Amino acid sequence: MPLIKHGAESDDPWDYVEDEVELSDGGYFTVRLSRFLAEAPTLSDRNTRVGVRLASDDDVEELVPYLQHIQLIEIDFPKYTDGRGYSQAQLLRRRYGYTGELRAVGHVLRDQIFYMNRSGIDAYDTVRADLTSVLEALKEYSEVYQPGAGGQVPVFRKRHGS
């Protein structure tokens, strides 16, 4: 599956490590939130980069004390109809000020890309989508009406100069 990041297809140095698999001494890896929280003190001692994969039912607040040390947060979209990942992304960007990479993983389809971007997600591990299709999705709407974490200025603010 291609990784789309900053509007281009990108190599992915990150590996997702299942709970029962031992972590290597180096490299870039992501683990589930429960494993991260259980091993947080020892993970910070490693000479490596650590990321977290959030399931749709994980509580984002549990990550708050660690946000400055996490380079990547993967938000899992288990199926098309599960929108809890959008809320997780909004919370991380807007309420908690997370500035690292937010990556959508799992069942990520072209139709969701624009809305994921509005929620603050900036990388997409896509299913059945190519670079051209993803870039088209990001530019599908030229104006937005609601504020979002994606940085686009809403129409009402443009109209009123605020």
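Everything below is about the structure printed above this text.
Parameters and conventions
Residues numbered from 1 in each chain as written. Predicted model: local features only at pLDDT ≥ 70, side-chain atom pairs only at ≥ 80, totals over all residues. Heavy atoms only, no water. Helix = DSSP H or I, 4+ residues; strand = E, 2+ residues; numbered from the N terminus. Polar contact = N/O pair within 3.5 Å; in protein donor to acceptor, adjacent residues only side chain to side chain. Contact = heavy atoms within 4.5 Å. Salt bridge = Lys/Arg side-chain N within 4 Å of Asp/Glu carboxyl O. Buried < 20%, exposed > 50% of the residue type's maximum accessible area, 1.4 Å probe, protein only. 1 Å grid on protein atoms, 1.4 Å probe; cavity = no way out; pocket = protein on both sides within 12 Å on 5 of 7 lines; lining within 4 Å. Points joined across faces, edges and corners; volume = space filled by probe spheres on them. Nonpolar A, V, L, I, M, F, W, Y, C, P; charged D, E, K, R; others polar. Phe/Tyr/Trp six-rings, centres within 6.5 Å; stacked < 30°, edge-to-face > 60°.

Student: Quick question: what am I supposed to make of the side chain of arginine 35 here?
Tutor: Relative to the helices and strands, arginine 35 is located in helix 1 (residues 33-43). Only 3.2 Å separates the side chain of arginine 35 from the backbone oxygen of aspartate 19, close enough to count as a polar contact. Of the polar contacts made by the side chain of arginine 35, one reaches the backbone oxygen of valine 21; its length is 2.9 Å. When neighbours within four sequence positions are excluded, arginine 35 is seen to be in contact with Val17, Glu18, Asp19, Val21, Glu22 and Leu23.

Student: Would you mind going over the pattern of salt bridges with me for this structure?
Tutor: Once the charged atoms of two side chains with opposite charge are near each other, the side chains can pair. If you walk through the whole model with that rule in mind, you get nine salt bridges. With a closest N to O distance of 2.9 Å, lysine 5 and glutamate 101 form a salt bridge. Pair noted here: lysine 5 is in strand 1 (residues 3-5) and glutamate 101 is in strand 7 (residues 101-106), with a separation of 96 residues, a long-range link. Judged by relative accessible area, which is 24%, lysine 5 ranks as partly exposed. The shortest N-O distance in the salt bridge between aspartate 19 and arginine 32 comes to 2.7 Å. Separated by 13 residues along the polypeptide, aspartate 19 in the loop between strand 3 (14-16) and strand 4 (28-32) and arginine 32 in strand 4 bring together distant segments of the chain. Residues joined by salt bridges that share partners form a network here, namely Lys5, Asp12, Arg53, Glu74, Glu101 and Arg103.

Student: Hey, could you run me through the layout of surface pockets in this one?
Tutor: It is the rolling of a water-molecule-sized probe over the atoms that shows where space remains empty. As a volume, the largest pocket reaches approximately 190 Å³. Together, Phe36, Ala40, Leu43, Ser44, Arg46, Thr48, Arg49, Val50, Tyr66, His69, Ile70 and Gln71 line the largest pocket. Among the secondary structure elements, those contributing two or more residues to the lining of the largest pocket are helix 1 and strand 5 (49-54). Element by element, the count of residues in the lining of the largest pocket is highest for helix 1, at three residues. Of the residues assigned to the lining of the largest pocket, the class counts are six nonpolar, four polar and two charged.

Student: Quick question: what am I supposed to make of the packing of aromatic side chains here?
Tutor: For any pair of aromatic rings, geometry is given as the distance between the ring centres together with the angle between the planes. The final tally for this structure, using the stated rule, is four aromatic pairs. Measuring from centroid to centroid gives 5.2 Å for tryptophan 14 and tyrosine 28, while their planes differ by 90°, and the two rings are edge-to-face. In this pair, tryptophan 14 is assigned in strand 3 and tyrosine 28 in strand 4, connecting sequence segments 14 residues apart. Look at tryptophan 14 and you get buried, because its relative accessible area is 9%. Pairing phenylalanine 114 with tyrosine 115 gives two aromatic rings, centres 5.4 Å apart and planes at 85°, and the pair type is edge-to-face.

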